[in-house]
Amino acid sequence: MTRGFYIGRFQPYHNGHHSMVAEIAEDVDELVLGIGSAGDSHTTHDPFTAGERIMMLTKSLREFDMTTYAVPIEDLDRNSVWVSHVQSMSPAFDVAYSNNPLVIRLFSEAGIEVRQSPMFNRDVLEGTEVRDRMIAGEDWRSLVPDAAADVIDEIEGVDRIQQVAETDSNGSSGGKGDRD
Ligand SMILES: Nc1ncnc2c1ncn2[C@@H]1O[C@H](COP(=O)(O)OP(=O)(O)OP(=O)(O)O)[C@@H](O)[C@H]1O
Ligand SMILES: NC(=O)c1ccc[n+]([C@@H]2O[C@H](COP(=O)(O)O)[C@@H](O)[C@H]2O)c1
């Protein structure tokens, strides 16, 4: 029995993540999805709460014949202890999956095997692109699984990101709320 771990911010969960999960599903029996930056929401960079991202993942992952767990992971100021923090929140795992250089470095230094995947259609399958299209009122649905689009509709996610973007352009939110 092999259990994998895959962390991302999933703001929102898109078809690049979904293709990566499809590849991981060939390798493992179970998969833990770490919802990174779990405390962040209601900004243009991180519009959705951990709970909303859990809904997107849980409903999108139904199509895979694999047991999955979604675990929110809040950020820490100390990279050096981040892997222990992840391990304290997650079911035990045998291998981590990431294409993020910092994440790869931290897991490798902790002696955990890390596997990378190819980037799928990265010119459009990128969270930043999906969020920019939502703000601009352009097509974003084709970039995310239908189940994730349904969740975004249910929570009126596009209204939220458009409103937060307006606040940003007035200069009153600043910091992490700034556009990418
Ligand atoms: N199109 C893709 N193909 C394969 N892996 C991807 C793709 N997009 C993101 N990933 C990987 O999924 C993980 C989580 O990514 P993340 O949630 O930050 O999405 P992102 O699209 O890179 O987001 P953003 O643009 O919001 O920073 C990272 O390891 C990232 O490299
Ligand atoms: N010190 C920390 O809190 C720390 C370190 C490395 C990664 N992370 C998080 O892991 C996630 C990595 O996901 P991405 O690959 O989507 O960037 C992000 O949410 C990032 O904030 C946090």
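The name recorded for the chain in an unreviewed UniProt entry is Nicotinamide-nucleotide adenylyltransferase, from Halorubellus litoreus. Recorded in UniProt under Subcellular location (unreviewed entry), the annotation for the chain is "Cytoplasm". Listed in UniProt under the heading Sequence similarities (unreviewed entry), the comment for the chain reads: "Belongs to the archaeal NMN adenylyltransferase family."

Asks: Honestly, the sheet that holds strand E2 (residues 30-35) in this entry has me stumped. Any pointers?
Replies: In sheet architecture, strand pairing relies on hydrogen bonds along the backbone and comes in two forms, parallel and antiparallel. Pairing in this open sheet of five strands is parallel, and the strands run E3-E2-E1-E4-E5 from one edge to the other. Two strands close off the open sheet at either side, each with one partner strand: strand E3 (67-72) and strand E5 (113-115). Going from strand to strand, the sheet's axes swing by 25° on average, the running direction of each strand aside. With three bridges joining them, strand E4 (residues 95-97) and E5 adopt parallel strand pairing. Note that in E5 the partner of Ala 96 across the bridge is Val 114. Contacting E2 and E3, helix H2 (residues 50-60) crosses the sheet at an angle of about 150° to E2. Set on the sheet, helix H4 (residues 101-109) makes contact with strand E1 (3-8), E4 and E5; between it and E5 the angle comes to about 155°.

Rules used in this analysis
- Residues numbered from 1 in each chain as written.
- Chains lettered and ligands numbered in written order.
- Predicted model: local features only at pLDDT ≥ 70, side-chain atom pairs only at ≥ 80, totals over all residues.
- Heavy atoms only, no water.
- UniProt positions renumbered as here; feature names shortened; annotations may be inferred.
- Pairing = 2+ DSSP bridges.
- Helix = DSSP H or I, 4+ residues; strand = E, 2+ residues; numbered from the N terminus.
- Axes fitted to C-alpha atoms, helices over the stretch in contact; angles between N-to-C directions.
- Contact = heavy atoms within 4.5 Å.

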